[in-house]
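Residues per chain, in single letters:
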Amino acid sequence: GDDYSSQFTIGALPLGTVTVSIEDFARGPQQPVNIPANGTSGLPISFSNGGSITSANFTLRYNPALLNITGATVAPGLTGASVNINTSTPGIAVIQFSSPTPLAAGTTRFIDLAAAVPTTAPYRTKQVLDFTNVSFNTGLIPAVDDDALHIAAYFGDTTGNGLYSATDASRISRVAVGFDT
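This is a predicted model, so every value here is computed, not measured.

## Here we look at the confidence of the model for the protein chain
1) Next: In the predicted model, the protein chain carries a mean pLDDT of 90, and 92% of its residues have values of at least 70.
2) Next: The model gives residues 1-10 a pLDDT under 50, and that stretch makes eleven contacts with residues more than four places away or in other chains.

Right, dumping it as structure tokens:
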């Protein structure tokens, strides 16, 4: 690995380290994965700060019985940027992002994945979406990953039975007013 011992650090990370992350989410069988839930752009992948990044390469490992990733698009506003995704091996998405110009400081969302939960996904099962082999600007920018948790359940199904009912609404209301946590 690289020797960052001569660089300034904050905590255990070299100064200038960029984190790639994906959000935790709950989506059940037959549901598309859109974050936010009322959106249509898919599952966003973000940087902690994309300033000066021109390329990002990484692998996302996931359970294909719980998630089907079918494509990737560049987030809106990143003119000229491109993304390639290879999902030919089930459960592995190899992603390559490039931009002809360095991204602006503060840029966060850079890729949206098209994904859905298969009809046959076992309800209430969970998985970790795991980033590996993360590299920014061919290794010139220190990188770390922030993996995600996916629960194959319908958002708001507080009873865990795969159906929506008055009991679900009641439980959510109790949390909203502070009666329960």
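## Here we look at the side chain of D157
1) Next: As for its placement among the helices and strands, D157 is situated in the loop between β13 (148-151) and α1 (166-176).
2) Next: A polar side-chain atom of D157 sits 3.1 Å from a polar atom in the side chain of T159.
3) Next: A distance of 2.7 Å separates the side chain of D157 from the backbone nitrogen of G162, its partner in a polar contact.
4) Next: Setting aside residues no more than four positions away along its own chain, D157 makes contact with Y123, G162, L163, Y164 and D168.

## Some words on the packing of aromatic side chains
1) Next: Counting across every chain of the model gives eight aromatic pairs.
2) Next: Ring plane angle 75° and centroid distance 6.5 Å describe the contact between F47 and F97, whose orientation is recorded as edge-to-face. Here F47, found in strand β5 (residues 43-47), pairs with F97, found in strand β9 (residues 92-98); they are 50 residues apart in sequence, far enough to count as distant. Just as F47 is buried, F97 falls in that class too.
3) Next: When the ring of F47 is compared with that of F110, the centres are 3.8 Å apart and the planes differ by 10°; the resulting orientation is stacked. One end of the pair, F47, is in strand β5; the other, F110, is in strand β10 (residues 109-116), with 63 residues separating them in the sequence. Each of the two residues, F47 as well as F110, counts as buried.
4) Next: Connected via pairs of aromatic rings, a cluster forms that spans F47, F58, F97, F110, F131 and F136.

## Thoughts on the pairing of strand β3 (residues 18-22)
1) Next: Within β3, four of the five residues are buried, leaving the element largely enclosed by the surrounding structure.
2) Next: In this sheet, strand β12 (residues 143-146) lies alongside β3 in parallel orientation, the contact comprising four bridges. By the bridge assignment for β12, V18 is matched with A143.
3) Next: Note: β3 against β5, three bridges, orientation antiparallel. Among the inter-strand pairings, V20 is bridged to a residue of β5, identified as F47.

## Digging into the environment of G51
1) Next: Structurally, G51 is set in the loop between β5 and β6 (55-61).
2) Next: Leave out the neighbours within four places in its chain, and G51 touches L103, A104, A105 and G106.

## Brief notes about the sheet that holds strand β11 (residues 126-136)
1) Next: On the basis of which strands lie adjacent, the open sheet formed by six strands has the order β4-β13-β11-β6-β9-β8 and mixed pairing. The open sheet terminates on both sides in strands that have one partner only, identified here as β4 (25-26) and β8 (82-86).

## With respect to the sheet that holds strand β7 (residues 68-74)
1) Next: What the five strands build is an open sheet, ordered β7-β10-β5-β3-β12; its pairing is mixed. The open sheet terminates on both sides in strands that have one partner only, identified here as β7 and β12. Each strand axis lies, on average, 20° off the axis of its neighbour in the sheet, ignoring direction.

## Topic: unusual backbone geometry
If a residue is not glycine, its phi is most likely negative; likewise, a peptide bond is most likely trans.
1) Next: That bond from I35 to P36 is cis: its omega, 0°, falls within 30 degrees of zero.
2) Next: Here P36 lies in the loop between β4 and β5.
3) Next: Backbone geometry places T138, a non-glycine residue, at a positive phi of 50°.
4) Next: Looking at the secondary structure, you find T138 in the loop between β11 and β12.
5) Next: Judged by its relative accessible area of 64%, T138 falls in the exposed class.

Criteria and cut-off values
Residues numbered from 1 in each chain as written. Predicted model: local features only at pLDDT ≥ 70, side-chain atom pairs only at ≥ 80, totals over all residues. Heavy atoms only, no water. pLDDT = per-residue confidence, 0-100. Contact = heavy atoms within 4.5 Å. Helix = DSSP H or I, 4+ residues; strand = E, 2+ residues; numbered from the N terminus. Polar contact = N/O pair within 3.5 Å; in protein donor to acceptor, adjacent residues only side chain to side chain. Phe/Tyr/Trp six-rings, centres within 6.5 Å; stacked < 30°, edge-to-face > 60°. Buried < 20%, exposed > 50% of the residue type's maximum accessible area, 1.4 Å probe, protein only. Pairing = 2+ DSSP bridges. Axes fitted to C-alpha atoms, helices over the stretch in contact; angles between N-to-C directions.

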